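Coordinates in review
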Amino acid sequence: MAKIKMSKKAASIDMTAMCDVAFLLLTFFILTATAKVPEPISVDTPNSTVKTKLPETNLVTITVGKGKENMFVDIKGRELRKTTLELMGQKYGVTFTDAEKEQFALMESFGVPIQNMSQIINMKSADRNKQGLQPGVPYDSINSPNTENNQLKDWIYTARQANIELGNDKELNFAIKGDAKLEYPKVKIVMDIFQDQKINTFDLVTGLRGENF
């Protein structure tokens, strides 16, 4: 008996549905992703296996640069930032417009004397965050005779004061972000300021590394 030969046809798979799913996922990730905001200072944080996440609001982070780079301050929470700026302006006799206060509330970390803050606020974000433009917030050791210009201490104090004036029940959180190659005495200055203001609990910002390292 003769064998019946089956005709061979090329198999095809409709990829339309898979392409639709891929584009939907891509759109989802783009819309939900948070862009990394450029910072005026580059810091290579030390590695750690700790995975504790810092709070999104009511947080003050002091970034300590290495070498000749100085202290930078970042205050999380728009109303907290605005109120802190107003209190610092009152303390140092510097006036800010409502527009400047609103723009300051949208900024990230900053590192200039309060007297030069308006100049930084009125810059475009790309220009403001150029490394080397901001010299850092003036600071001195607690034991230094020049403590009247310790603006870092005043930013920390007024941020706590602003947190109270806004009626927040929780204590303000603090964190120190330093470079991995940073010398300890510079970090100790920040820790001494914390201790002087009875801030006994704060976080150290680190980068995540594998547990097998």
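In short, a report on the structure.

Conventions and cut-offs
- In every chain, residue numbers begin from 1 and rise along the written sequence.
- Local features in this predicted model are restricted to residues whose pLDDT is 70 or higher, and side-chain atom pairs enter the listing and the counts only when it is 80 or higher, whereas totals over whole chains, interfaces and linings include all residues.
- Neither water nor hydrogens contribute to the side-chain values; these are computed over all heavy atoms in the structure.
- For the purposes of this entry, the term helix denotes a DSSP run of H or I that reaches at least four residues, the term strand denotes a run of E that reaches at least two, and both are numbered from the N terminus.
- Buried means the residue's accessible area, taken with a 1.4 Å probe over protein chains only, is under 20% of the maximum for its type, while exposed means over 50%, and partly exposed covers the values in between.
- Any two residues having at least one pair of non-hydrogen atoms within 4.5 Å are treated as being in contact.
- Each accessible area is a Shrake-Rupley estimate made with a 1.4 Å probe; only the visible protein chains count as cover when residues are assessed.
- When DSSP locates at least two bridges between a pair of strands, those strands are taken to pair.
- What the arc measures is the spread of directions leading from the helix axis to the C-beta atoms.
- Interaxial angle, 0 to 180 degrees, is taken between N-to-C directions of lines fitted to C-alpha atoms, where a helix line uses only the stretch in contact.
- Roughly parallel covers angles under 35 degrees, roughly antiparallel covers those over 145, roughly perpendicular covers 65 to 115, and oblique covers all other angles.
- Take the far helix as the reference: if the near one is turned anticlockwise from it by less than a right angle, the crossing is left-handed, and if turned clockwise, right-handed.
- The classification used treats Ala, Val, Leu, Ile, Met, Phe, Trp, Tyr, Cys and Pro as nonpolar, Asp, Glu, Lys and Arg as charged, and all other residues, Gly among them, as polar.

**Regarding the overall build of the chain**
Scanning the chain from N- to C-terminus turns up seven helices and six strands. Listing the helices and strands of the chain from first to last along the sequence gives α-β-β-β-α-α-α-α-α-β-α-β-β. For the chain, with 213 residues in total, the buried portion stands at 38%. For the chain, the share of sequence-separated contacts (at least 6 apart) that also reach a separation of at least 24 residues comes to 67%. Carbon and sulfur atoms make up 54% of the accessible area of the chain, which amounts to about 14,100 Å² in all.

**Some words on the pairing of strand β4 (residues 173-178)**
With respect to burial, β4 is a largely interior element, five of its six residues being buried. Where strand β2 (residues 59-64) lies against β4, six bridges are found, and the strand directions are parallel. The residue bridging V64 from the neighbouring strand is G178, located in β4.

**Focus on helix α3 (residues 98-106)**
When α3 is considered as a whole, its buried residues turn out to be E100, K101, F104 and A105. The buried side chains of α3 occupy one side of the element, clustering within an arc of 140 degrees when seen end-on. Away from its buried face, by an angle of more than 90 degrees, α3 presents the exposed residues D98 and A99. Buried residues belonging to α3 abut α2 (78-92), α4 (117-121) and α6 (151-165).

**Structural notes on the sheet that holds β4**
Taken in spatial order, the four strands make up an open sheet running β3-β2-β4-β5, and their pairing is mixed. The two strands at the open ends of the sheet, each matched to only one other strand, are β3 (71-76) and β5 (203-204). Summarising the sheet, β4 and β5 pair through two bridges and their orientation is parallel. Across the sheet, the residue bridging to I176 is L204, located in β5.

**Some words on unusual backbone geometry**
Working note: non-glycine residues mostly have negative phi, and peptide bonds are mostly trans. One non-glycine residue, N58, lies in the positive phi region at around 50 degrees. Checked against the element boundaries, N58 lands in the loop between β1 (47-48) and β2. Of note in the backbone geometry, K198 takes a positive phi value of approximately 60 degrees without being a glycine. By secondary structure assignment, the location of K198 is in the loop between α7 (184-196) and β5. Taking the relative accessible area as the measure of exposure, K198 reaches 65% and is therefore exposed.

**So, the packing of α2 against α6**
Where α2 contacts α6, the two axes come as close as 8 Å, and the packing angle between them is 125 degrees. Between α2 and α6, the angle is such that the two are oblique. Seen from above, α2 lies across α6 with right-handed handedness. Residues L80, T83, T84, L85, L87, M88, K91 and Y92 of α2 form the contact with α6, whose own contacting residues are Q151, D154, W155, T158, A159, Q161, A162, N163 and E165. Among the residues making up the contact of α2 with α6, the classes are represented as eight nonpolar, six polar and three charged.

That's the geometry; what it means functionally is another story.
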